[in-house]
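Per-entry structural report
Here are the chains, one letter per residue:
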Amino acid sequence: MARLSKSSAPRLIYTLCASPPPASRHLQSPLASLLLGGPSLRHFSSGNLARAASAAKDDKEPWWKESMDKLRNIGISAHIDSGKTTLTERILYYTGKIHEIHEVRGKDGVGAKMDSMDLEREKGITIQSAATYCTWKGYEVNIIDTPGHVDFTIEVERALRVLDGAILVLCSVGGVQSQSITVDRQMRRYEVPRLAFINKLDRMGADPWKVLNQARSKLRHHSAAVQVPIGLEEEFQGLVDLVQLKAYYFHGSSGENIVTAEVPANMENLVTEKRRELIEMVSEVDDKLAEAFLSDEPISSADLEEAIRRATIAKKFVPVFMGSAFKNKGVQPLLDGVLSYLPCPIEVSNYALDQNQKEEKVALTGTPDGPLVALAFKLEEGRFGQLTYLRIYEGVIRKGDFIINVNTGKKVKVPRLVGCILMRWRIFQRHMPGKLLLFLEWIVPQAIHSLMGKLNTP
């Protein structure tokens, strides 16, 4: 898919950025500065200006940009009992990370893979954020499954401040609820591009069009459906893609076999109407598509997909997907939407604040050759010791490196780097920019614990 430049609307959220003291620079490698500490600015530009400028200077892009283009950092957030963990379970199954599906509070007593705590499995709710990663069509997708209960809102805050995109799950029966408004407000605060997924279309009383209107009125979303369901409730059979104008049916015991067909004859009028509505809504926020629409030029599927991507990354439009995670319908097209419409790490522009230069902005290109810049966004005390969750913005972190806590000025050794797949740890020797990972802190726990009181979460 072509990656087009986007508008230059800026985005500001909090992150942690600083430069090491000048006196210590000769004592460490360029990769030995981990920037953990107080609030500063993370500037997101919906345009890809830094990338375009770099491409103009170099005939060939650096090797690492291609790998970054194949990376997505997303979170799944919603109100309680909307189906977030069930959706994550299906994503892991279809991407091959698990080989059988277990339900939240299922009859087999196993529970969902992402519910690691005994209390979560017993109550059937998510209490703490769970991180994992998977691969879909050659792309690596880092996923954080967040709680929906209002008492655990801080877990959502921690996740959204480091994510590049998100999926907002809505129930087709319950619609937009109070916690949906809270989660959406958090996404606006951190200016995270998002997709909406209207879940549970198989349930009695499902009405996706009512939920879509609620999202427009209560959440003030400039949104439109990119899919139309084929039947509802017990007659829910599949989906029609309004961009590609194809019908998808999900066969097999777990919906793993997707059958592509033509649009059903009895739905042609509805599909034509909803596709025109989609084009009109996107045209209001995308000048290129608006020019073609007003000129009555034919709009191809590729043109519409690119326009939706530009508008979504610019946070001017929210594409709405539909399905039923419990009935194994609509999850694979949602994964395709994550790849097609949400940004990769190099499609946002991050800035650090140099604390030694009166908080002067320093652009972070995401290069692995630069000094290490990372954010510790969560601490967790588990059976393996203390875990520190990191988002790397620039540079490379390696096992055995000495990194600096900018709050205390102390050096901390990285004893072990791990990635978590379904509560099974995978050991890494190093990690590249754009990634979410954990490291086990054994040597200087007090230096990291002192960070807890200094993180500013608005």
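Structure: see above.
Right, let's walk through the structure included here.

About the thresholds
- Residues numbered from 1 in each chain as written.
- Predicted model: local features only at pLDDT ≥ 70, side-chain atom pairs only at ≥ 80, totals over all residues.
- Heavy atoms only, no water.
- Buried < 20%, exposed > 50% of the residue type's maximum accessible area, 1.4 Å probe, protein only.
- Helix = DSSP H or I, 4+ residues; strand = E, 2+ residues; numbered from the N terminus.
- Pairing = 2+ DSSP bridges.
- Phe/Tyr/Trp six-rings, centres within 6.5 Å; stacked < 30°, edge-to-face > 60°.
- Lys NZ or Arg CZ within 6 Å of the ring centre and 35° of its normal.
- Axes fitted to C-alpha atoms, helices over the stretch in contact; angles between N-to-C directions.
- Salt bridge = Lys/Arg side-chain N within 4 Å of Asp/Glu carboxyl O.

**Examining the pairing of strand 14 (residues 350-354)**
Where burial is concerned, most of strand 14 is hidden: four out of the five residues are buried. Bridge count for strand 14 against strand 15 (residues 360-364) is five bridges, and the pairing is antiparallel. Pairing of Asp354 across the sheet is with Glu360, part of strand 15.

**Points about the packing of aromatic side chains**
The tally for this structure, following the rule as stated, stands at three aromatic pairs. Positioned above the aromatic ring of Trp209 is the side chain of Lys274, whose terminal nitrogen or guanidinium carbon lies 4.0 Å from the ring centre.

**With respect to the environment of Ser172**
Topologically, Ser172 is positioned in the loop between strand 6 (165-171) and helix 6 (178-189). It is 8.9 Å that separates the C-alpha atoms of Ser172 and Asp202, two residues lying 30 residues apart in sequence.

**A few points about the sheet that holds strand 10 (residues 238-241)**
Overall, antiparallel pairing links the four strands, which are arranged 9-10-11-12 in an open sheet. The strands lining the two open edges of the sheet, one partner per strand, are strand 9 (227-230) and strand 12 (257-261). Between one strand axis and the next, the sheet turns through 30° on average, direction left out of account. In this sheet, strand 11 (residues 246-251) lies alongside strand 10 in antiparallel orientation, the contact comprising four bridges. Looking at strand 11, one finds that Leu239 is bridged to Tyr248.

**Digging into the pattern of salt bridges**
If you walk through the whole model with that rule in mind, you get eleven salt bridges. Across the pair Glu157 and Arg189 runs a salt bridge whose closest N-O atoms are separated by 2.5 Å. Taken together, the residues Glu157 in helix 5 (residues 153-160) and Arg189 in helix 6 connect sequence positions 32 residues apart. Taking the relative accessible area as the measure of exposure, Glu157 reaches 7% and is therefore buried. A salt bridge links Glu280 to Arg276; the shortest N-O distance between them is 3.4 Å.

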